[in-house]
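# Coordinate analysis (summary)
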Amino acid sequence: MILAIALALAQEATGLDPRQVVGEPAQGPLAGNVLHDEARRISLLLRCPTCQGMSVAESPAEGARAMRDEVERLVAQGYDESQVLDYFVASYGEFILLRPRREGANLTLWIVPALLAAGGIAAVAMQARRRASLPAPPPPASTVDDYRARAEREIDSA
Amino acid sequence: MNKKVLAAGFVLVAPLVWVLAESFGADPSHIPSPLVGKPAPAFSLPVLDGNGATLSLAETRGKPTVINFWATWCDTCGYEHPLLLRLARTYEGRVHFVGIAYLDKEENLRKWLSSHGGQAFPTLIDVGTSAAVAYGVGRLPESYLIDKQGVIQHKVFGAIDYGDMVRRIEEML
């Protein structure tokens, strides 16, 4: 509780108020190990903006550390995962999420591969069915028989 | 049949090629800011060597404002600093210029500023880096052009271009 108050005062000192972006905290303030674990869990969902595909939790970059601190400040005040992610999306955009949300245009990321896979399976199935419905091809003429007939003709004519 | 397969393949592949072609050669760190067109996040931060004084965004209202996030450990910031000084002197009294120091120490800031032409505008200390996060700062330097009403009109990634800044500032005056 003391930590939460201190963080709230620090936030007030900077004039930056997350409530203007994501409203009132959805839950009670957190502290100690619960706060640390929850902040780390949420930091794993945020992309380090200066790294290649690394989360804020894993990156050694200074900027990532600053973002981890911000996540911890928000969680300490009682902001839940959705609110913290919304707060970062509001300033960095959807790019900051390591896992794009399954909504709007992002749904194409899930739908298109599924459609392509379904289309591929359907094409293979149609091709297989078409081949099965074709009449059986005539057996190949035996080259041995031809050779034998020719040989016999040549012997007879000799 | 072959033409149908080719057409279907084209329909599936063309959008993918278009997306890749659009992004080819683009700097991956230049992500469009969702803050452009929205009110700039309010802040009130301590001024470097301001004897405890703070400066808030609200105090800059009524004139265009250029906010520059920088640090002494950022090489590009050294390159653009003379350009910012020149701009600040050119538009003195008509445009607010504010520097926000990101992840830095006051003592380093003083030394750096004295060896890079001094200050033509206040430098604020980003306590806890909350301002940088609120503005979506990724890679330094980054600058934000805020109009008289406090709305972010443009975000500059990397070092500023003097001519481009003059054009954008003139549009906001």
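The structure contained in this document is the topic of the report that follows. (Residues numbered from 1 in each chain as written. Chains lettered and ligands numbered in written order. Predicted model: local features only at pLDDT ≥ 70, side-chain atom pairs only at ≥ 80, totals over all residues. Heavy atoms only, no water.)

## A look at the overall build of chain B
In terms of regular secondary structure, chain B is built from five helices and seven strands. Taken from N to C terminus, the helices and strands of chain B fall in the order α-β-β-β-α-β-α-β-α-β-β-α. For chain B, whose C-alpha radius of gyration is 20 Å, the value lies well above the compact-globule estimate of 16 Å for 173 residues. Overall size of chain B, expressed as C-alpha extent along the three principal axes, is 80 × 30 × 30 Å. For chain B, the proportion of its 173 residues judged to be buried stands at 45%. Sequence-distant contacts in chain B: of pairs separated by 6 or more residues, those separated by 24 or more amount to 74%. (Helix = DSSP H or I, 4+ residues; strand = E, 2+ residues; numbered from the N terminus. Rg over C-alpha atoms; globule rule 2.2 N^0.38 Å. Buried < 20%, exposed > 50% of the residue type's maximum accessible area, 1.4 Å probe, protein only. Contact = heavy atoms within 4.5 Å.)

## As for helix α5 (residues 162-172) of chain B
Residue and element names in this part refer to chain B. Those residues of α5 that sit buried are Tyr 162, Met 165, Ile 169 and Met 172. With its buried residues spanning 85° around the axis, α5 presents them on a single face. Where α5 is buried, its residues touch β3 (65-70), α2 (75-90), β4 (96-101), β6 (142-146) and β7 (152-157). The N-terminus of α5 is capped by Asp 161, whose side-chain oxygen sits 3.3 Å from the backbone nitrogen of Gly 163. (Arc of directions from axis to C-beta. Polar contact = N/O pair within 3.5 Å; in protein donor to acceptor, adjacent residues only side chain to side chain.)

## Observations regarding the sheet that holds β4(B)
All names here are of chain B. Strand order across the open sheet formed by five strands is β5-β4-β3-β6-β7, with mixed pairing between neighbours. Only two strands of the sheet have a single neighbouring strand rather than two, namely β5 (123-125) and β7. For this sheet, the mean inter-axis angle between neighbouring strands, taken without regard to orientation, is 20°. Where β3 and β4 come together, six bridges link them in parallel fashion. Within the sheet, the bridge partner assigned to Trp 70 lies in β4 and is Ala 101. Contacts from α2 reach β3, β4 and β6, with the element oriented near 160° to β3. (Pairing = 2+ DSSP bridges. Axes fitted to C-alpha atoms, helices over the stretch in contact; angles between N-to-C directions.)

## A few points about the nonpolar core
A general tendency of soluble globular proteins is for nonpolar side chains to be buried together. In terms of nonpolar packing, the biggest core is built from 56 residues, with Phe88(A), Phe43(B), Ile67(B), Phe69(B) and Tyr135(B) touching the most fellow members. For Phe69(B), the contacting residues outside a window of four places in its chain are Ile100(B), Asp126(B), Ala131(B), Ala132(B), Tyr135(B), Val137(B), Leu140(B), Pro141(B), Glu142(B) and Tyr144(B). (Core = buried A, V, L, I, M, F, W, Y, C linked by side-chain atoms within 4.5 Å.)

## Let's talk about the interface of chain B and chain A
Facing 26 residues of chain B, the contacting portion of chain A comprises 24 residues. Carbon and sulfur atoms make up 62% of the surface buried where chain B meets chain A, a total of about 1900 Å² over both sides. Of all residues in chain B, Leu103(B), Ser130(B) and Val133(B) give up the largest surface area on contact with chain A, accounting jointly for 26% of the area buried on that side. Counting every contact that joins chain B to chain A gives zero salt bridges. The interface formed by chain B and chain A includes six residue pairs in polar contact (both at pLDDT 80 or more). Looking at the side of chain B that touches chain A, the elements with two or more residues in it are β1 (44-46) and α4 (130-134) of chain B. The greatest single-element share of the side of chain B that touches chain A, amounting to five residues, is contributed by α4(B). (Buried area = accessible area lost by both parts, 1.4 Å probe. Salt bridge = Lys/Arg side-chain N within 4 Å of Asp/Glu carboxyl O.)

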